[in-house]
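So you can see what is in the structure, the chains are spelled out below.
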Amino acid sequence: MTIALKLYDTYTRALRDFEPLDPAAVRMYTCGPTVYNYAHIGNLRTYIFEDILRRALEFNGYAVKHVMNITDVGHLTSDADTGEDKMEKGAARTGKTAWEIAEIYAHAFKEDLQRLNILDPSIWCKATDHIAEQIAFICCIEDKGFCYRTDDGLYFDTSKLSDYGYMARLNLEGLQAGARIEMGDKRNPTDFALWKFSPKDKQRQMEWDSPWGIGFPGWHIECSAMSAKYLGPFFDIHCGGEDHISVHHSNEIAQTEVCHGTRLANFWMHGYFLQLDDAKMAKSSGDFLRVQTLLDRGIDPLAYRMFCLSAHYRSKLNFTWDGLDGAATALNRLRASAFEWGAPGEADAGFIERFTQCVNDDLNMPRAMAVVWELVKSELPPAVRKATVLVFDRVLGLRLAEWHPAEETVPAEIMALVEQRTLARKEKRWKDADVLRNQVITAGYEIEDKPGGARVRLRKGA
Ligand code: AMP
Ligand code: ZN
């Protein structure tokens, strides 16, 4: 059974059959968090989509080399390189140093990934650990004549690249005509900073020497430089949220095109936004929904993962508490069913094929979930259903194998009776087993024999 894996590529605006550039491993880069605050559940929708993509690749038998960066310098409050540095601003907000908050929020981010069962990348890389690589990359762009200097930094001249903004299908003339944003000394509205100078009157917490003067790298160069270092100048898949299409990724492509002559990645994939009707979603707003907010409300973070599976990654998803409640109920139903099915037997090939078709159809998870529910309702033997759902869970990532119902505290003497009864049954001493069962019932408990073993609980009304 080979079912081609089709993925939507933003660059060509087409569904394309995925083939790895190098059969040894798929090379994938995902833009990571800017660690000036906690991640909100919107950010995490994008990381869940990328995790499903990674798992789908592995499900298709590919080894994946996955790199994720941590932006701990250079991202300004406006993606267009104006405003304050988010890290220095975050430091002022918290009374800590920029270095300290980078550490704190990167750690919190990794914890969120674990809570959502998002697989760790093969390589984490921090922008501040790769200043030399970024400077070398900028030198390469400078040597090719694509930069100019202003009072506040070194800029990439986008007008010199004939297809700048192709992926976003940017209307450059329209942008030029309608440029209302403060351009400063920039020559074109789409030009962006490669290196920013530290202010003359004060010392920044994060700054480095460079051939152009003391300062810090622009936000976009880190991804071009680090992806080239770990994955080479042309690799399989680059992803991020939809907001990256028009600025950040367009700029990454421009830099790499000039320096290496490639469009950086064979596939460009983007997750669409999670929207909240009234509550604010922006990390910069200070008041936003985090994984911790869900935990504080007694909600399992995996219910949020389940909620994300209900929409295709290329459509916006509206967040509502009712929707999340529904996802939590559905998840518990699925878990309880999988638990009751007991030990796995052999998986059902027909179901696996149908599930794979949905996953390989540009990660159509809503349809894949419909197949999951059909399996739940099917008449297949429990052991077959169990084995099949565990195969599905390699992509779903709902930790179905680990889950078990919350145990009521059954006193040790009752558990001892139950164990004696289990032994009696094993040894076919049926009378003894019955006596022991009656003792348990008299004590106010009941025993249910499940494929996975005997379950004891307080008798209703006892
Ligand atoms: P940041 O930490 O701001 O650099 O963003 C981290 C990731 O979250 C990026 O890939 C963004 O595109 C993505 N992102 C930001 N807001 C949302 C949202 N509301 N829904 C989904 N993804 C988002
Ligand atoms: Zn990036």
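Residues numbered from 1 in each chain as written. Chains lettered and ligands numbered in written order. Predicted model: local features only at pLDDT ≥ 70, side-chain atom pairs only at ≥ 80, totals over all residues. Heavy atoms only, no water.

(A) Expanded view of the overall build of the chain. Of the regular secondary structure elements, the chain holds 15 helices and 17 strands. A principal-axis box enclosing the C-alpha atoms of the chain has dimensions of 90 × 55 × 40 Å. Across the 462 residues that make up the chain, the buried fraction comes to 52%. Relative to all contacts within the chain whose residues are 6 or more apart in sequence, the contacts with residues 24 or more apart total 74%. Looking at the chain as shown, the accessible area adds up to about 20,800 Å², and 50% of this sits on carbon and sulfur atoms. Taking the average place of the 56 positive charges on the side chains of the chain and the average place of its 66 negative ones, the gap between the two points comes to 5 Å. (Helix = DSSP H or I, 4+ residues; strand = E, 2+ residues; numbered from the N terminus. Buried < 20%, exposed > 50% of the residue type's maximum accessible area, 1.4 Å probe, protein only. Contact = heavy atoms within 4.5 Å. Areas by Shrake-Rupley, 256 points an atom, 1.4 Å probe, with all protein chains shown as cover. Lys, Arg positive; Asp, Glu negative; His and termini not counted. Charge placed at Lys NZ, Arg CZ, Asp CG, Glu CD.)

(B) Just helix H14 (residues 412-426), in detail. Relative to the 21 Å expected for 15 residues at 1.5 Å per residue, H14 spans 21 Å between its end C-alpha atoms, a close match to the ideal helical length. Those residues of H14 not exposed but buried are Ile414, Leu417, Val418, Arg421 and Ala424. Buried residues along H14 cover an arc of 120° about the axis, so they all sit on one side. Exposed side of H14, more than 90 degrees from the buried face: Ala412, Glu419 and Lys426 are the residues found there. Packing partners of the buried residues in H14 comprise helix H15 (430-442), strand S16 (445-450) and strand S17 (453-458). Remark: Lys428 follows H14 within two positions and exhibits a positive phi of approximately 60°. (Expected span 1.5 Å × (residues − 1). Arc of directions from axis to C-beta.)

Nothing here speaks to function; it is geometry throughout.
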